[in-house]
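Topology and contacts: notes
Single-letter residue listing:
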Amino acid sequence: MPPANTIKVNVRWSGKKFDDIELSLDEPGLVFKAQLFALTGVEPDRQKIIVKGGMLKDETDMNKLGLKNGHNFMMMGTAGELPKAPERKTLFMEDMTEATLNKALDIPVGLVNMGNTCYMNATLQCLRVVPELIQGLQKYSGGTDNLDTGSNVTASLRDLYRQLNASGNGVMPAAFLTYLRRAFPQFSQQGRDGVWAQQDAEECWSQLISTLKAKLPAHAEGQQNVVSQFMQGEFTTTLKCDESPEEEAVVTKEQFAKLDCHISKEVNYLHNGILESLDQKIEKNSATLGRSAVYSKTQRISRLPAYLTVNFVRFFWKQEEQVKAKILRKVKFPFELDASQFCTTELQGKLTNTKLKLRELDTAETALKRRKRQDKEAGKMDTDEISEEQKAVQEAQVALQNSLDPELVKDSGSNPSGQYELAAVLTHIGRTADSGHYIGWAKKGDTDDWYKYDDDKVSPVSKDDILKLDGGGDFHVAYLALYKARSFDVSPSKSDA
């Protein structure tokens, strides 16, 4: 029997008709395009399928089109140099192997759940968006026959990522899981029934980053490894005694691998939660007063890494139930994050001009896109003449290049602009950290394509789907967010920007 919420439709294309194609209404338009690609040889991005309201898009919700059994689609598009599909035999989606479907859609490969290992799978898929980390692992020459458990974890992660790049099917991370549990026995816990216990994804993330920081080789000659260089920032921390104003403030420098986003009744947005975590009250012994006193602990970032991890502090220890209970409050997070607001006054001064020039470049690029769209609608042909909008973009690019602080540019692995874009989100569904389910959501390379990594089930999602991960209910809630330094082209280009 066909799966639930599936209908049979017909498609006309290039004088041919394909009858009784099974269409799943729960899958986005891109999956239906992949079926037609297998039937006709017309690649998804070359297909023009007429639906109510316009053309079928990759992210179209098929449930909203009002389709019924027997619906007739009209498709336009030319097949490329691909093997011809059988003219008479209809290829249904369930007839396609996972590897074939993934290849047709260019969908990344997932990781098989080995028994409540979604916390690990989601972590690995999110960290995979850091190309410098993958490159650092490939340079690691160690094997998995060491007495040192951290070295075995590093080597097996390298091998696992290689498998993911080479496979068309879901990969079983059995070897890596074995070495992870040997290095960190807490991930080996089992319930009374012998079933592997769920674990905290943030703990897995932190242990893994700590291990890679200790084991990976230097990223470049004379420099630190990729974790220290690209994923670690620096705090300037000031401790001031509230009860003894004459006591001199103590200023120190310390490294950090992630920012905390505290979630209180006043926090509705990510930046509010981060700022709240950077200003705290603590109690410690005062040498001046000779007793315990209240201190103001203020932290500001003095070095921004290329990759910034944010931990939504959603879990707290509930003593009466002996569990890590969850805070479900909605906390909105942006696709683009201005981190200058978390920085020291000195670093803010170095970022201010670049921040302004980036805005000017954004404005110029928007105007250029508008001009190109208008020219296309008017039927104008492309020429070698440089438009005023293109000149404005080129000038903005040069101004941006000149605005970058030389010291920040020399610090390879830092973020010289202070501007970030969202690259991955790790979510949790459930009421406690040690139960429920974890999923990774990650952006593919420099594209705008997002994918949902539900263990070995990987599917494309829209930006709107990512925005729904902000909490407020029992749906998937953002627990960790990974931001990457915003990339921008500072090389003037005649044809585009």
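Our subject in this report is the structure included herewith. (Residues numbered from 1 in each chain as written. Predicted model: local features only at pLDDT ≥ 70, side-chain atom pairs only at ≥ 80, totals over all residues. Heavy atoms only, no water.)

**Topic: the overall build of the chain**
Across its full length, the chain carries 13 helices and 19 strands. Per-residue burial for the chain yields a buried fraction of 46% across its 497 residues. At a minimum sequence separation of 6, the contacts of the chain that also span at least 24 residues come to 68%. Surface exposure of the chain reaches about 25300 Å², of which carbon and sulfur atoms provide 49%. Taking the 64 positively charged and 70 negatively charged side chains of the chain as two groups, their mean positions are separated by 3 Å. (Helix = DSSP H or I, 4+ residues; strand = E, 2+ residues; numbered from the N terminus. Buried < 20%, exposed > 50% of the residue type's maximum accessible area, 1.4 Å probe, protein only. Contact = heavy atoms within 4.5 Å. Areas by Shrake-Rupley, 256 points an atom, 1.4 Å probe, with all protein chains shown as cover. Lys, Arg positive; Asp, Glu negative; His and termini not counted. Charge placed at Lys NZ, Arg CZ, Asp CG, Glu CD.)

**A word on the pairing of strand β17 (residues 450-454)**
A regular strand places its side chains so that they alternate between the two faces of the sheet. Summarising burial for β17: 4 of the 5 residues are buried, a large majority. Across 4 bridges, strand β16 (residues 437-443) lies against β17 in antiparallel orientation. Looking at β17, one finds that A442 is bridged to Y451. Where β16 folds back on β17, the antiparallel hairpin that results is connected by 6 residues, among which G445 adopts a positive phi of roughly 55°. Relative to strand β18 (residues 457-461), β17 runs antiparallel, the two sharing 5 bridges. When the bridges of β18 are listed, Y453 appears paired with V458. (Pairing = 2+ DSSP bridges.)

**A short note on the pattern of salt bridges**
If you walk through the whole model with that rule in mind, you get 22 salt bridges. Across the pair K391 and E388 runs a salt bridge whose closest N-O atoms are separated by 3.7 Å. Of this pair, K391 and E388 both sit in helix α11 (residues 388-403), 3 residues apart, which is roughly one turn of that helix. A residue is classified by how much of its surface remains accessible, and K391, at 36% relative accessible area, is partly exposed. Close ionic contact of K468 with D465 constitutes a salt bridge, the shortest N to O distance being 3.9 Å. (Salt bridge = Lys/Arg side-chain N within 4 Å of Asp/Glu carboxyl O.)

**Concerning the sheet that holds strand β2 (residues 16-24)**
Strands sit in the order β2-β1-β5-β3-β4 across an open sheet of 5 strands; the sheet is mixed. Because the sheet does not close on itself, it has two edges, and the strands there are β2 and β4 (54-55). Alignment of strand β3 (residues 48-51) against β4, held across 2 bridges, turns out to be antiparallel. From the neighbouring strand, V51 faces β4, where its bridge partner is G54. Sheet strands in contact with helix α1 (residues 29-40) are β1 (6-13), β2, β3 and β5 (72-76), and its direction is about 145° off that of β2. (Axes fitted to C-alpha atoms, helices over the stretch in contact; angles between N-to-C directions.)

**Structural notes on the packing of aromatic side chains**
Applying the stated criterion across every chain, the model contains 8 aromatic pairs. Centroid distance F184 to F187: 6.2 Å. Interplanar angle 70°. Geometry classified as edge-to-face. Ring geometry for F235 against F256: centres 4.3 Å apart, planes inclined by 25°, an arrangement best described as stacked. Of the two residues, F235 is situated in strand β6 (residues 233-241) and F256 in strand β7 (residues 250-256); the sequence distance between them amounts to 21 residues. For the pair F235 and F256, a shared accessibility class is recorded, and that class is buried. Through a chain of ring-to-ring contacts, the aromatic side chains of Y119, F184 and F187 assemble into a single cluster. Residue placement shows K284 over the ring face of Y295; its charged tip is 4.7 Å from the ring centre. (Phe/Tyr/Trp six-rings, centres within 6.5 Å; stacked < 30°, edge-to-face > 60°. Lys NZ or Arg CZ within 6 Å of the ring centre and 35° of its normal.)

**Some details on the environment of L467**
Position of L467 among the secondary structure elements: in helix α13 (residues 463-467). With 133 residues separating them along the chain, L467 and P334 place their C-alpha atoms 8.3 Å apart. With sequence-adjacent residues up to four places away left out, L467 is seen in contact with F333 and F335.

**Quick notes on helix α10 (residues 345-377)**
Between its terminal C-alpha atoms α10 stretches 48 Å, which fits the 48 Å expected from 33 residues at 1.5 Å a residue. Maximal helix bending in α10 amounts to about 35°, located at L351. Packed against the buried residues of α10 are β10 (291-303), α11, α12 (406-410) and β15 (419-429). Just past α10, the residue G379 takes up positive phi, approximately 80°. (Expected span 1.5 Å × (residues − 1). Bend = angle between axes of the 7 residues up to and from the residue.)

**Section: the sheet that holds β6**
The strand order across the open sheet formed by 4 strands is β7-β6-β10-β9, and the pairing between neighbours is antiparallel. The open sheet terminates on both sides in strands that have one partner only, identified here as β7 and β9 (279-286). Taken over all neighbouring pairs, the strand axes of this sheet differ in orientation by 35° on average, direction set aside. As judged from the 7 bridges shared by β6 and β7, these two strands associate in the antiparallel manner. Bridge pairing in β7 links F235 to E254. Here helix α9 (residues 270-278) sits on the sheet in contact with β6, β9 and β10, set at roughly 10° to β9.

**So, unusual backbone geometry**
The phi dihedral of S14 falls on the positive side, at around 50°, and the residue is not glycine. Here S14 lies in the loop between β1 and β2. We note that D20 has phi near 55°; this positive angle belongs to a residue other than glycine. Of the residues examined, D20 reaches a relative accessible area of 41% and is grouped as partly exposed.

**A look at the nonpolar core**
Core analysis: the biggest nonpolar cluster contains 55 residues, and L124, L133, F176 and L426 have the highest contact counts within it. Among the elements that line this core, the one with the most residues is helix α3 (residues 118-127), at 7 residues. Not counting residues up to four positions away in its chain, the partners in contact with L124 are L111, L157, L160, Y161, F176 and L208. Grouped together as the second largest cluster of nonpolar side chains are 36 residues, F235, L270, I301 and V310 included. (Core = buried A, V, L, I, M, F, W, Y, C linked by side-chain atoms within 4.5 Å.)

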